[in-house]
Amino acid sequence: MIKVISGNEAAAYGVLLVQPAVMTAYPITPASRISEQISEFAAAGLLKGKFVNVESEMSSLGIVTGASNAGMRVFTATASQGLAWMHEGLHWASGSRLPVVLVDANRPLGAPDNLVCGWIDTLSQRDTTWMQLYCESNQEVIDTVLQGYRLAEAMYLPLMICMDGVYLSYIAETVDIPEQALVDKYLPPYDPSGRALLGQQVLFRHRPKGPPGPGATGGGPPMGMGSWTGNRYDLHKLALGCIDMAEKVDAEFKAIFGRSYPIVEEYGCEDADTVLVTAGSAVGTSRDVIDGLKSKGLKVGLVKIKMFRPFPVEKVRKALSNRKKVLVIERDISSGQCGIFFQELKWALYRGDGAKTPQMFGFVGALGGEDITPDLIEKAITYTIGNEPPKQEAIWLGLRQEEKDDYDKRTVKVF
Amino acid sequence: MTTTKEPLRYSKTNIEAPLKYVNTPEYMFPPIMTCAGCSYGLIYRLFFKAAGPKVVITTLPGCGGTGRLTADGKPIDQVRTAFGNAASVPVGVSMALAAQGDTETVVAPIVGDGAVFDIGMGAFSAAAERNDNMLVVGKDNEGYQNTGGQRSSASPWMTTSATTPSGAPKLQFKKDVDAIFAAHGIPYLATATVGFPDDYMMKVKKAMKIKGFRMIHVLSLCPTGWGFPSEMTLELSRMAVETRVFPLFEVENGIKYTINHPSKGLPLSRYVEPQRRFRELGPEDMATFESYVQTRWKRLCYLARA
């Protein structure tokens, strides 16, 4: 069924297809429409589960964590400040190996207020052991909801689906809504008993049959077996395993629905010397720019990063290590350092083994929802081709020179 | 029996068979890792003796005291939460059980005054407003005792604590959490202490049968934090009631107040003097405290007038 819907609605249609038992969301721009659409589905009797109107994001995540702990499929959505308020619960969910699925409409955090688009909200949560998948289009949002449940519930780890606030969450696109029968074929019912095999506490009724495994305790404070460090070693291994599982669930998805979303996608990279790396809705624009530049005879290509956590290091190395130049365009900055995707890429490509590494250019811009236009992308690529990497790690894209000069003049001299 | 001339809605809860419920099966076994004289162990033990095993409790990091909870060799389910979501996790558990068709098992967050009065209050208020199905046992030890005995909004007036030390005692009166939750119009709210075990257990039994948001506010005496000899726990938990500092009452649907014990109105000193935390309370303060307690008792009697 083809519909013209926003990213928020695409997420809600995805939820309709997977039928979680408990859903929560505290309204927040630019993700509010998800909670509205889900309540409408529930009111119409289409969603069998319960949607809870919560009073805060802390409770929003708390309720789905509780329900997941008690063995049910769950969903929540948020953005920006809301995700930040969930922070404590995010660690709690991954530490308990709960396959909570969350959709975040990426938006920066105040101060000052900003209601549009930036990735700092989800990137600030990169160390919470939640998988992070960034989407390019509304079609990818709904498909990633389906893949996300398959992945999270196979790995017993929580997962965040990240879509650009406003650019995807508000803007309507044509979306092919998958058929329920096919979804049922793709996504098996959630089996909570597997958590017990990971040493987690499950309700007694969900204990696997047969002799109890180590740590399959039920009752008692869930400190788990062994040391806390050992617990994190186990979590780290589980997280790394998500990379292969993500490829597996995508292959299964392709076999049933005909669409595929590689966790690291190479576009026009066959003979490329200079490769642009980006994520989110800017990928679509970048595809056009790359096509245009290629037709002019430039050896350029594009790499789209869909999976940011766990970071698919080997895929990234395969796609980028033999290039002459790599540039990153991203909607975030770790102030005082550089863009966060840029950090991860540099780390992935450099091993100190003497191998040749590409020159790296980290562009930072559109942090508060400005458009990443074809013109800006082309400017960044042209700069990369014609220059050596600058000393400073962040190259500011789209910042007006007069405004920049103004800030430079105002900089307080401490010493 | 009471100081007011108005007839009271008064019902003693243990008239028919004192200690009737105490001779019921045990679900809690050692090790119980609390200080000697702590009320925690009794609060859990009596709760389960009254409630039976069809319960999922949600707990927080704290002084422990749950012991080993089992029924017929099966562990009683327990879900751990953080403080800020102490109220929301049980909501989720409760909804999950409902989705599994289990309408019998009761979800009971057994949490402290930190969660109910302070850091988790917003979420408890929200759960009360939505009338989410759970039975809250608020173990009120009038301070953050597990972290070393710091002030909470439940600490009484003029008490010292690790963060209101000698010379700078707490200057605010205890937050009236019962009034706050009663104002939400919840189906059932009650106060209890371990000094009146049959009253406490009757309230647990009664609350178990009600659907929606229920709260039992239990005074949990803390010999370490309050500074009294550990053998005085039961004596002081009775004195808290008899001096009217912590009267026993219940509120149904936020309207119907019932006093469950005819507090004798004994001198406040019987409760206050054995506790080191009240050491800043001088004779003049004592009069102020006395008048505060009596005013609140009058208010309660007014609310419970028949």
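None of the values given here were measured: they were computed from a predicted structure.

Notes on the overall build of chain A
Tallying secondary structure elements over chain A gives 15 helices and 15 strands in all. Compactness check: chain A gives a C-alpha radius of gyration of 22 Å against a globular reference of 22 Å for 415 residues, within 12% of the reference. In terms of principal-axis extent, the alpha carbons of chain A reach across some 65 × 50 × 50 Å. A fraction of 76% describes how many contacts in chain A between residues 6 or more apart in sequence connect residues 24 or more apart.

A word on the overall build of chain B
Each helix and strand counted, chain B has 10 helices and 11 strands in total. Taking 2.2 N^0.38 as the reference for a compact globule, 306 residues should give roughly 19 Å; the C-alpha atoms of chain B span a radius of gyration of 18 Å, in line with that estimate. Taking the principal axes of its C-alpha atoms as reference, chain B extends roughly 60 × 45 × 35 Å. Residue burial in chain B is summarised as follows: out of 306 residues, 54% are buried. Across chain B, contacts joining residues at least 24 apart in sequence account for 70% of those joining residues at least 6 apart.

Observations concerning the nonpolar core
Side chains that are nonpolar tend, in soluble globular proteins, to be buried together. Residue and element names in this part refer to chain A. Counting 222 residues, the largest nonpolar core has Val-22, Ala-67, Leu-159, Ile-161 and Ile-329 as its most contacted members. For this core, the domains that each give at least three residues are domain 1 (2–186) and domain 2 (264–410). The residues touching Leu-159, leaving out its near neighbours within four places in the chain, are Val-101, Trp-130, Met-131, Leu-133, Gly-148, Leu-151 and Ala-152.

Thoughts on the interface of chain A and chain B
Taken together, the contact pairs 30 residues of chain A with 26 residues of chain B. Among the secondary structure elements, those contributing two or more residues to the side of chain A that touches chain B are helix H3 (57–69) and helix H5 (87–95) of chain A. At 9 residues, the largest contribution of residues to the side of chain A that touches chain B is made by H3(A). Each residue belonging to the side of chain A that touches chain B can be placed in one class, and the counts come to 14 nonpolar, 13 polar and 3 charged.

Notes on the sheet that holds strand S3 (residues 68–71) of chain B
Each strand in a sheet pairs with its neighbour through backbone hydrogen bonds, running either in the same direction (parallel) or in the opposite one (antiparallel). Residue and element names in this part refer to chain B. Read from one edge of the open sheet, 3 strands run S1-S3-S4, paired in antiparallel fashion. In this open sheet, the two edge strands, each paired with only one partner strand, are strand S1 (28–29) and strand S4 (74–75). Strand direction decides the pairing type here: S3 and S4, joined by 2 bridges, are antiparallel. Note that in S4 the partner of Thr-70 across the bridge is Pro-75.

Things to note about the domain arrangement of chain A
Residue and element names in this part refer to chain A. The domains assigned to chain A are domain 1 (2–186) and domain 2 (264–410). Of note, the centres of domain 1 and domain 2, computed from C-alpha atoms alone, are 27 Å apart. Residue-level contacts link 20 residues of domain 1 with 19 residues of domain 2. Looking at the side of domain 1 that touches domain 2, the elements that each hand over two or more residues are helix H6 (120–123) and strand S6 (131–134). By residue number, the principal contributor to the side of domain 1 that touches domain 2 is S6, which donates 4 residues.

Section: unusual backbone geometry
All names here are of chain A. Residue Thr-29 is joined to Pro-30 through a cis peptide bond whose omega torsion reads 0°. Its place among the elements puts Pro-30 in the loop between strand S2 (22–25) and helix H2 (32–43). Along the chain, Gly-110 connects to Ala-111 via a cis peptide bond; the corresponding omega equals 10°. Structurally, Ala-111 is set in the loop between strand S5 (101–106) and H6.

A word on the sheet that holds strand S10 (residues 249–252) of chain B
All names here are of chain B. Spatially, S5-S2-S6-S7-S9-S8-S10-S11 is the arrangement adopted by the 8 strands of the open sheet, whose pairing is mixed. In the strand order of this sheet, the two ends are held by strand S5 (78–80) and strand S11 (256–259), each with one partner. The mean inter-strand angle of the sheet, taken between neighbouring strand axes irrespective of direction, is 20°. As paired elements, strand S8 (residues 188–193) and strand S9 (residues 213–219) share 6 bridges and run parallel to each other.

Side note on helix H4 (residues 121–130) of chain B
Listed in full, the buried residues belonging to H4(B) are B:Met121, B:Ala123, B:Phe124, B:Ala126, B:Ala127 and B:Ala128. Where H4(B) is buried, its residues touch H3 of chain A together with helix H2 (88–99), helix H3 (113–118), strand S7 (134–140), helix H5 (177–183) and S9 of chain B. Phi turns positive one or two residues past the end of H4(B), at B:Asn131, with a value near 55°.

Digging into the environment of A:His91
All names here are of chain A. Looking at where His-91 falls in the secondary structure, it is placed in helix H5. Overall, His-91 belongs to the partly exposed group, with 17 C-beta atoms counted inside 10 Å. Put simply, His-91 and Leu-302 are 211 residues apart on the chain and 33 Å apart in space, counted from C-alpha to C-alpha.

Describing the confidence of the model for chain B
All names here are of chain B. This prediction gives chain B a mean pLDDT of 92; 93% of its residues lie at or above 70. Here residues 13–17 is a poorly scored stretch, pLDDT under 50, and it has 7 contacts once near neighbours within four places are set aside; other chains count. Per the prediction output, this complex has pTM 0.94; the corresponding ipTM is 0.93.

Quick word on the pairing of strand S3 (residues 50–53) of chain A
Residues and elements named next belong to chain A. One ladder, built from 4 bridges, connects S2 with S3; its direction is parallel. Each bridged residue has a counterpart across the sheet, and for Ala-25 the counterpart in S3 is Asn-53. In the classification by handedness, the crossover that spans S2, the intervening H2 and the parallel S3 is right-handed.

Some points on the packing of helix H1 (residues 7–18) of chain A against H2(A)
Residue and element names in this part refer to chain A. At a minimum axis separation of 8 Å, H1 and H2 run at an interaxial angle of 40°. The orientation of H1 relative to H2 falls into the category oblique. The chirality of how H1 crosses H2 is right-handed. Side by side, H1 and H2 meet where Asn-8, Glu-9, Ala-11, Ala-12, Val-15 and Leu-16 of the first sit next to Arg-33, Ile-34, Gln-37, Ile-38 and Phe-41 of the second. Residues belonging to the contact of H1 with H2 are distributed by class as follows: 7 nonpolar, 2 polar and 2 charged.

Remarks on the environment of A:Ala77
All names here are of chain A. You can see Ala-77 is positioned in strand S4 (residues 74–78). Judged by the 32 C-beta atoms lying within 10 Å of it, Ala-77 falls in the buried class. The sequence separation of Ala-77 and Tyr-190 amounts to 113 residues, and the corresponding C-alpha distance is 20 Å. Once residues within four sequence positions are removed from consideration, Ala-77 is found in contact with Ala-11, Ala-25, Ala-31, Ile-34, Ser-35, Leu-102 and Val-103.

Regarding the pairing of S10(B)
Residues and elements named next belong to chain B. In the sheet, S8 pairs with S10 via 3 bridges, with the strands oriented antiparallel. Bridging across to S10, Tyr-188 finds its partner in Glu-252. In this structure, S10 lies alongside S11, joined through 4 bridges in antiparallel fashion. Note that in S11 the partner of Glu-252 across the bridge is Lys-256. Between S10 and S11, which pair antiparallel and follow one another directly, the connecting turn spans 3 residues, one of which, Asn-253, has a positive phi of 55°.

What counts and what doesn't
- Residues numbered from 1 in each chain as written.
- Chains lettered and ligands numbered in written order.
- Predicted model: local features only at pLDDT ≥ 70, side-chain atom pairs only at ≥ 80, totals over all residues.
- Helix = DSSP H or I, 4+ residues; strand = E, 2+ residues; numbered from the N terminus.
- Rg over C-alpha atoms; globule rule 2.2 N^0.38 Å.
- Contact = placed C-beta atoms within 7 Å.
- Buried ≥ 20, exposed ≤ 12 C-beta atoms within 10 Å, placed from the backbone.
- Core = buried A, V, L, I, M, F, W, Y, C linked by C-beta atoms within 7 Å.
- Domains from an automatic or database assignment.
- Nonpolar A, V, L, I, M, F, W, Y, C, P; charged D, E, K, R; others polar.
- Pairing = 2+ DSSP bridges.
- Axes fitted to C-alpha atoms, helices over the stretch in contact; angles between N-to-C directions.
- pLDDT = per-residue confidence, 0-100.
- Right-handed = clockwise from strand over helix to strand, strands pointing away.
- Parallel < 35°, antiparallel > 145°, perpendicular 65-115°, else oblique.
- Left-handed = near helix turned anticlockwise from the far one by under 90°.

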